[in-house]
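# Report on the structure
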Amino acid sequence: MDCSLLRTLVSRYCAGEENWVDSRTIYVGHREPPPGAEAYIPQRFPDNRIVSSKYTFWNFIPKNLFEQFRRIANFYFLIIFLVQLIIDTPTSPVTSGLPLLFVITVTAIKQGYEDWLRHKADNAINQCPVHFIQHGKLVRKQSRKLRVGDIVMVKEDEKFPCDLIFLSSSRGDGTCFVTTTSLDGESSHKTYYAVQDTKAFHNEQEIDALHATIECEQPQPDLYKFVGRINVYHDRNEPIARPLGSENLLLRGATLKNTEKIFGVAIYTGMETKMALNYQSKSQKRSAVEKSMNVFLVVYLCILVSKALINTVLKYAWQSEPFRDEPWYNQKTEPEKKRNLFLQAFTDFLAFMVLFNYIIPVSMYVTVEMQKFLGSYFIAWDEEMFDEGTGEGPLVNTSDLNEELGQIEYVFTDKTGTLTENNMEFVECCIEGHVYIPHVICNGQILHDCTGIDMIDSSPGGSGKEREELFFRAICLCHTVQVKDDDSIDGLKKNQVPRRPCIYISSSPDEVALVEGIQRLGYTYLRLKDNYMEILNRENNIEKFELLEVFSFDSVRRRMSVIVKSSAGDIFLFCKGADSSIFPRVKEGKIEQVRSRVQRNAVEGLRTLCVAYKKLTAEEYSNVQKLLQSAKLALQERDKKLAEVYEKIERDFILLGATAVEDRLQEKAADTIEALQKAGIKVWVLTGDKMETAAATCYACKLFRRNTQILELTTKKIEEQSLHDVLFDLNKTVIRQNGSLTRDTFSGLSSDTQDYGLIIDGAALSLIMKPRHDGSSGNYREIFLNICRNCTAVLCCRMAPLQKAQIVKLIKLSKEHPITLAIGDGANDVSMILEAHVGIGIIGREGRQAARNSDYAIPKFKHLKKMLLVHGHFYYIRISELVQYFFYKNVCFIFPQFLYQFFCGFSQQTLYDTAYLTLYNISFTSLPILVYGLMEQHVSADTLKREPSLYRDVAKNALLRWRTFIYWTFLGVFDALVFFFGAYLLLDNTVVTSNGQLMTTSTHMVFGTWTFGTVVFTVLVFTVTFKLAIDTHYWTWINHFVIWGSLVFYIVFSLLWGGIIWPFLNYQRMYYVFMQMLSSGPAWLGIILLITVSLLPDALKKVLCRELWPTATERIQTKHQCLSVEQSTIFMLSQTSSSLSF
């Protein structure tokens, strides 16, 4: 028995998940391995379809109904409707069933339409044509039909249809260039490498003859990690195994650039691709207002149950007296006498529930849905948020979260393409203390292709001239830039153009900007051919340098170097990097002058690099080569050994100068961030970019300021200290400042406090989020959160898409439960957009994945300011008033019905006529509050943009707190008591007339149940409408029309309803009731008096609060009113004086 196999299996399955990762085997081109090589085990993999939709044709109705009836209000009305169907109730089932059906139908249609748009977008992606090889020929089929193992051909500027292992390309060196903007936000070009044994296959027949298998890890979402190997079979010989890494993996969503075509084999397809795994699953987002509505609804349900229970108990207590249960005019039948008492009591309880159920009207949810849907058009119609450059305007993908825009506490933003235009521009360079600016203006003339303008002192001469040329050569040689191949430029061949405008591509946009900037100063980088770098100098002579070594840039060293050999045989080591990395390694040069210029440029938010060099002898280079070769061949700790070699080589430099590059921010990005911070919103930047690049952008957009102390929680720090020590040191720093802040606040010195900015990278975040195994009580997440709370700004760099979502989730679920917003423009931002309470996509250059998966989409980052500070503020003000007003007016409506039961023997007699019960929420009071919810502006939009601090007045759901809710409820109860007992006193003291009718002595009206109910209802309708009119600040003709029109409609309807004998009704109880009420002068006076008494307490409360405890918004309103009065007075005085002078 082979024990080694058993040991292998045991070690695999017992070592734990940490040491054993399951793998998959892929047969390239679906060709089985040669007989005897290995067992052929076919595996099943998903197809290449992408699914971002929520529903299917078959599950839409049950799934949508389930989600809608999760809303407590919808479920409640369903129960009420069923109760009305089952037992005999005071009202018809139609009064609950029809509004419920309307709400469910409208919501289903809206959500179905939104999901249909997602299906449409998915189909467009899944039906894209893809070229793959079959039997040595190129075949075209739809993307969704791709299978794992298919060999695919991708042409230049096409996106990769799935995750591919790179087999070969049209380039002779087996490389290709790729942009990953839709994955990690970086629009720069990255270089990928074909498998060594397959890179020579350049046509379909050669690729189809390939016999190989790939073993790799199962799909996982990390974009930057991949482990696998390829076994290439030659005849019946042992296969040649080659390692595969992330440099061989072409990811779905990335785009092929500067390469005619490539061949690759599909290894992950459909929802198993890394891009799809970084998408969060869609979930129904609910706003804070909706959650508050549900809580208030539970309270009102408790009130409803209490009312029904009290009435049921009191009914049987009242009927316990002799002759009350069975009066002579209403004798019970035999079946009623034999009926179970408890069953009868339960039936009465349900009947009271139905009678009082109008306290929670279904029309509120209809109105809220309509307000959200119609209100969303104000964003889409906003001309200030339209971008003329792109021809795009804002999009609203869901209207359910409009009011959430007014509650944002944290904004998580992407950097590249969101804050910046990703358009680097060379600004200047400083050589030996002399500043050079391309295309500057001198004596009114623009100097193109100038050799530089000396901005400090006289131009360099002698050795200074030599250093200047060395500096330009260093910039032209120390980079990883590639030149795009163009056969002709403007119809001319290359060799016909002496100084052709080269098109540069690189993984770093900084390098492209530097090379292009130096080109404008006279030195042009031409190309890298056969390991020789060619540059064109000012004299139009081509200089060739042999590229010997490249020391790549990394975030720990913060510099890169090249070793080149000139045609004269001189060997140079050119190095460029951050000033903190270069200055300590310099032994001579004009250090202070250059340092001064670097500091000045850094303050202005420019990205600076220092440039240095040293000359190597042949013997020195030989030693360097041996050290490098030894480190590169190491299998263990290769990176560490290379870093040690670099440290030995990169020293004793001569400083040449420094460069300054501007990463151009989007228009008004800094102004937007400043406004958000004034509004009390914390802004975090989450990016996949390098720390240095991201930090420079944060300084440029004023997220980090000059006095901000930067705290680093990065891999470099953790390598120097343990994670535990770094976290606790940072925590002590911010806590110490917190203590001093408290002391300074009391002493009046709080203006001298220190601002902190935190920088964290993806690797450090992984360690923080990883569960601890030492059993200690400390919690790294809580410490990290505490540090973040005490920082004014946070930058998270080198973040994978899923890590962005983890950060958002971490803050979202913290103990404060803040409302979060995520904004980005690429597919790498989709996860955090879906995770945040509100997701906003930028309609930018990096595709529409973010815009398609977001709740809202805007053309530019600057539009976020108006979306939150104006639209969000208005939406929240409007819907909070709408919700409170609906509960208020229904307390006013149904509480008199509750009081009436004490006067009718708890017989479940309705106080109002059926028509009034049905139309109160549908017609008489619905339109005014809907228009208020669409049009209200308590202050102007310009004021909200000018005063961002007003956003704080509505933050943290300020207008829907318990205090406000209880005030509105008690106001409704007070008004209901005034309506009921005012009408009761008005109609007291009745006498019997000669024809047997009851006549009131005070108002001379015929007294009866419907007369009493009509008086109460009339006062009710007028009071709640006038209450809304008092609360309205922004009057338009539409407000006037619906407010006064609804009152006119009520009067006209009542006159018609009670003035005509309707043949389709089996009762005429309202006949002539309303007309008789209007014919009584004392009744008119009494109604006006009751309306005034009802409105007086709320009016007094508003005046007192505005005078004694005004909010910031009320101060602004008062200020504007005073200004308008002052302007009117000045105008009147000027008119008077002019008339007098005349």
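Residues numbered from 1 in each chain as written. Predicted model: local features only at pLDDT ≥ 70, side-chain atom pairs only at ≥ 80, totals over all residues. Heavy atoms only, no water.

## As for the overall build of the protein
Our working rule: Secondary structure counts use DSSP, requiring at least four H or I residues in a row for a helix and at least two E residues in a row for a strand, with both numbered from the N terminus. Accessibility here uses a 1.4 Å probe with only protein chains present; expressed as a share of the type maximum, an area under 20% marks a residue as buried, one over 50% as exposed, and anything in between as partly exposed. Contact definition: two residues touch when any of their heavy atoms are within 4.5 Å. All accessible areas in this document rest on Shrake-Rupley with a 1.4 Å probe, and a residue is counted as covered only by the protein chains that are shown.
The helix and strand tally for the protein stands at 37 helices and 40 strands. Per-residue burial for the protein yields a buried fraction of 52% across its 1142 residues. Pairs at least 24 apart in sequence give 72% of the contacts found in the protein among residues at least 6 apart. Counting only carbon and sulfur atoms, one obtains 57% of the accessible surface of the protein, whose full area is about 53,600 Å².

## Overview of helix α28 (residues 863-900)
Going by this rule: Here the expected length of a helix is defined as 1.5 Å per residue gap, with one fewer gap than residues.
If you check α28, its first and last C-alpha atoms are 55 Å apart, about what 38 residues at 1.5 Å a residue would give, namely 56 Å. Counted residue by residue, α28 has 38 buried out of 38 residues, so it is predominantly covered.

## Examining the environment of Val1024
Considering the arrangement of structural elements, one finds Val1024 in helix α33 (residues 1009-1031). Sequence separation of Val1024 and Tyr885 is 139 residues, and the distance between their C-alpha atoms is 8.6 Å. Once residues within four sequence positions are removed from consideration, Val1024 is found in contact with Tyr885, Tyr888, Lys889, Cys892, Tyr920 and Thr925.

## Some points on the pairing of strand β13 (residues 261-268)
Counted only if it meets this: Following DSSP output, two strands are said to pair if at least two bridges run between them.
Along β13, eight of the eight residues are buried, which leaves the element largely enclosed by surrounding structure. Relative to β13, strand β4 (residues 151-155) runs antiparallel, the two being bridged by five bridges. When the sheet's bridge partners are listed, Lys155 is paired in β13 with Lys261. Two strands pair when backbone bridges link them, and strand β5 (residues 163-169) and β13 are joined in this way by six bridges, in the antiparallel orientation. Across the sheet, Ser168 pairs through a bridge with Phe263, a residue of β13.

## Notes on helix α3 (residues 72-86)
Spanning 15 residues, α3 covers 21 Å between terminal C-alpha atoms, matching the ideal 21 Å at 1.5 Å per step. Among the residues of α3, Ala73, Asn74, Tyr76, Phe77, Ile80, Val83 and Gln84 are the ones counted as buried.

## A word on the packing of α3 against helix α8 (residues 288-319)
Using the following cut-off: Only C-alpha atoms enter the line fits that serve as axes; for helices the fit covers just the stretch in contact. Angles between N-to-C directions range over 0 to 180 degrees. To sort the angles, those under 35 degrees are grouped as roughly parallel, those over 145 as roughly antiparallel, those from 65 to 115 as roughly perpendicular, and the leftovers as oblique. Residue polarity follows a fixed list, in which Ala, Val, Leu, Ile, Met, Phe, Trp, Tyr, Cys and Pro are nonpolar, Asp, Glu, Lys and Arg are charged, and the others, Gly among them, are polar.
Direction vectors running N to C along α3 and α8 enclose 30°, while the axes themselves pass 10 Å from each other. On the basis of the axis angle, α3 is roughly parallel to α8. Residues Ile72, Ala73 and Tyr76 of α3 form the contact with α8, whose participating residues are Asn294, Leu297, Val298, Leu301 and Leu304. Its residues placed into classes, the contact of α3 with α8 shows seven nonpolar, one polar and no charged.

## Looking at the pattern of salt bridges
To be explicit about the condition: By definition here, a salt bridge exists when the distance from a side-chain nitrogen of Lys or Arg to a carboxyl oxygen of Asp or Glu is within 4 Å.
For the structure on display, the rule yields 37 salt bridges. Two residues, Arg467 and Glu432, come together in a salt bridge whose shortest N-O distance is 3.1 Å. Of this pair, Arg467 sits in helix α13 (residues 463-477) while Glu432 sits in the loop between β16 (420-431) and β17 (434-436); the two residues are 35 residues apart in sequence, bridging distant segments of the chain. An identical accessibility class is assigned to Arg467 and Glu432; each is buried. Across the pair Lys804 and Asp829 runs a salt bridge, and its minimum N-O distance is 2.8 Å. With Lys804 in helix α25 (residues 801-812) and Asp829 in the loop between β36 (820-824) and α26 (830-835), the pair connects residues that are 25 residues apart, well separated along the chain. Both residues of the pair, Lys804 and Asp829, count as buried. Several salt bridges converge on common partners, so that one network encompasses Asp382, Glu384, Lys866 and Lys945.

## A look at unusual backbone geometry
Of note in the backbone geometry, Lys702 takes a positive phi value of approximately 65° without being a glycine. The residue Lys702 is located in the loop between α20 (691-700) and β33 (708-713) in this model. We classify Lys702 as partly exposed; its relative accessible area is 41%.

## Some points on the side chain of Glu936
In plain terms, the rule: Positive charge is attributed to Lys and Arg, negative charge to Asp and Glu, and no charge count is given to His or to the chain ends. Polar contact is defined as a pair of N or O atoms within 3.5 Å, subject to the rule that within protein one atom must be able to donate a hydrogen and the other to accept it, and that residues adjacent in sequence are counted only when both atoms are side-chain atoms.
Looking at the element boundaries, Glu936 is found in the loop between α30 (926-935) and α31 (941-946). Within the buried core, Glu936 has no salt-bridge partner, and the shortest N-O distance to an opposite charge, that of Arg878, equals 7.0 Å. A polar atom in the side chain of Glu936 sits 3.0 Å from the side chain of His1033. With residues up to four places along the chain from it excluded, the contact list for Glu936 reads Phe874, Arg878, Val931, Asp1031, Thr1032, His1033 and Tyr1034.

## Structural notes on the sheet that holds strand β35 (residues 793-797)
Spatial ordering of the open sheet is given by β14-β38-β37-β36-β15-β32-β35-β34-β33, a layout of nine strands whose pairing is mixed. Unpaired on one side and paired on the other, β14 (395-396) and β33 mark the two borders of the sheet. Pairing geometry for β36 and strand β37 (residues 838-842), over four bridges, is parallel. By the bridge assignment, Gly824 is partnered in β37 with Gly841.

## Considering the packing of aromatic side chains
The line we're drawing: What counts as a ring pair is set by centres within 6.5 Å for rings of Phe, Tyr and Trp (its six-membered ring), and what kind of pair is set by the plane angle: stacked under 30 degrees, edge-to-face over 60, tilted for all other angles.
Following the criterion strictly, the structure yields 52 aromatic pairs and no others. Ring centres of Tyr916 and Phe1017 lie 4.4 Å apart, and the angle between their planes is 5°; this geometry places the pair in the stacked category. Pair noted here: Tyr916 is in helix α29 (residues 914-924) and Phe1017 is in helix α33, with a separation of 101 residues, a long-range link. Judged by relative accessible area, which is 0%, Phe1017 ranks as buried.

## Regarding the sheet that holds strand β2 (residues 129-134)
Taken in spatial order, the six strands line up as β3-β2-β4-β13-β5-β11 in an open sheet, and their pairing is antiparallel. Strands at the two margins of the open sheet, each flanked by one partner only, are β3 (137-142) and β11 (249-250).

## Regarding the pairing of β2
Judged from the six bridges that link them, β2 and β3 form a sheet pairing that is antiparallel. In the strand pairing of β3, Pro129 is matched with Gln142. Bridge count for β2 against β4 is two bridges, and the pairing is antiparallel. Pairing of Phe132 across the sheet is with Val152, part of β4.

## So, the nonpolar core
Applied cut-off: Residue types Ala, Val, Leu, Ile, Met, Phe, Trp, Tyr and Cys, when buried and joined through side-chain atoms within 4.5 Å, form a set referred to as a nonpolar core.
By size, the foremost hydrophobic cluster in this structure holds 93 residues, and its most contacted members are Phe893, Tyr912, Phe1017 and Leu1020. Of all the elements, α28 adds the most residues to this core, at 17 residues. Those residues in contact with Leu1020 that sit more than four places away from it in its chain are Lys889, Cys892, Phe893, Tyr912, Tyr920 and Phe979.

## Looking at the confidence of the model for the protein
Our working rule: The pLDDT score gives, residue by residue, the confidence of the prediction method on a 0 to 100 scale.
Model confidence for the protein is summarised by a mean pLDDT of 79, while 81% of its residues fall at 70 or above. In this model residues 487-498 is a low-confidence stretch, pLDDT under 50, and it forms nine contacts with partners more than four residues away in sequence or in other chains. Considering only residues more than four positions removed or in separate chains, one finds that residues 992-998, a stretch of pLDDT under 50, has 10 contacts.

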